[in-house]
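# Coordinate analysis (summary)
Here are the chains, one letter per residue:
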Amino acid sequence: MRSGGQVQIQEPCTKQSPISSYIVTFLLTLSNPMTIVLFISIFGASGVLFSQAASSVPLLVGGVFIGSMIWWLFLVGIVAFVKVSVLKTRRLALINKLSGLMMICFGVSALFHH
């Protein structure tokens, strides 16, 4: 929101615990059709599910789950670090303006190249 030329960042009205946020995000990811199609196509194309013994399938699924969990914890950690230590109100306003300018440039470029 803008107030007197200043950018103000408002906190969300409701606070959720990290565990409830994780559960909601996890369920949204599992229910995403693109995620389901991606994993079915990767496992089907590579033949991993058919070349392994049936007893190693839980190990494969567990490995994918743990790898995904580590990746998301890494990403969330980086975002939290950047949010706390790097992004100040002035920098955030500058990033927003630069992002808007880039989108305008891409739009103009698309108009002239098609």
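Owing to the predicted nature of the structure, the values given are computational and were not obtained by experimental measurement.

With that settled, the discussion passes to the overall build of the chain. Within the chain one finds five helices and two strands. Reading the chain from its N end, one meets helices and strands in the order β-β-α-α-α-α-α. Within the structure as shown, the chain displays about 9,900 Å² of accessible surface, and the carbon and sulfur contribution to it stands at 75%.

Time to look at a nonpolar patch on the surface. A surface patch of nonpolar side chains, about 880 Å² in accessible area, is lined by Ile19, Tyr22, Ile23, Phe26, Leu27, Leu30, Phe65, Ile66 and Ile70. Secondary-structure elements contributing two or more residues to the nonpolar patch are α1 (18-30) and α4 (57-86). Top element by residues in the nonpolar patch is α1. It accounts for six residues. Within the element layout of this structure, Ile66 appears in helix α4.

This brings us to helix α2 (residues 33-46). Under the 1.5 Å per step criterion, the end-to-end length of α2 is 20 Å for 14 residues, consistent within 8% with the ideal 20 Å. Its side-chain oxygen at 3.1 Å from the backbone nitrogen of Met34, Asn32 defines the N-terminal cap of α2. Gly47 sits one or two positions beyond α2 and adopts a positive phi of about 75°.

Turning our attention to the layout of surface pockets. Quantified by volume, the largest pocket comes out at close to 780 Å³. Surrounding the largest pocket, 20 residues form its lining, Tyr22, Phe26, Thr29, Ser68 and Trp72 being those nearest its centre. Per-element tally for the lining of the largest pocket: the top contributor is α4, with eight residues. Within the lining of the largest pocket, the residues separate by chemical class into 15 nonpolar, five polar and no charged.

Here we take up the packing of aromatic side chains. In this description, an aromatic ring pair is defined by two values, namely the gap between the centres and the angle between the planes. Applying the stated criterion across every chain, the model contains three aromatic pairs. Between Phe26 and Phe65, the aromatic rings sit 5.9 Å apart at their centres with planes inclined by 90°, giving edge-to-face as the arrangement. With Phe26 in helix α1 and Phe65 in helix α4, the pair connects residues that are 39 residues apart, well separated along the chain. Among the residues examined, Phe26 registers a relative accessible area of 31% and is labelled partly exposed. Ring geometry for Trp71 versus Phe74: centroids 5.9 Å apart, planes at 35°, classification tilted.

Here we come to the confidence of the model for the chain. In the predicted model, the chain carries a mean pLDDT of 80, and 82% of its residues have values of at least 70. By mean pLDDT, strand β1 (residues 2-3) is the weakest element of the chain at 52, and helix α5 (residues 89-113) is the strongest at 90.

Criteria and thresholds
- Residues numbered from 1 in each chain as written.
- Predicted model: local features only at pLDDT ≥ 70, side-chain atom pairs only at ≥ 80, totals over all residues.
- Heavy atoms only, no water.
- Helix = DSSP H or I, 4+ residues; strand = E, 2+ residues; numbered from the N terminus.
- Areas by Shrake-Rupley, 256 points an atom, 1.4 Å probe, with all protein chains shown as cover.
- Patch = residues over 30% accessible without salt bridge, like charges linked within 9 Å, V, L, I, M, F, W, Y side chains within 5 Å.
- Salt bridge = Lys/Arg side-chain N within 4 Å of Asp/Glu carboxyl O.
- Expected span 1.5 Å × (residues − 1).
- Polar contact = N/O pair within 3.5 Å; in protein donor to acceptor, adjacent residues only side chain to side chain.
- 1 Å grid on protein atoms, 1.4 Å probe; cavity = no way out; pocket = protein on both sides within 12 Å on 5 of 7 lines; lining within 4 Å.
- Points joined across faces, edges and corners; volume = space filled by probe spheres on them.
- Nonpolar A, V, L, I, M, F, W, Y, C, P; charged D, E, K, R; others polar.
- Phe/Tyr/Trp six-rings, centres within 6.5 Å; stacked < 30°, edge-to-face > 60°.
- Buried < 20%, exposed > 50% of the residue type's maximum accessible area, 1.4 Å probe, protein only.
- pLDDT = per-residue confidence, 0-100.

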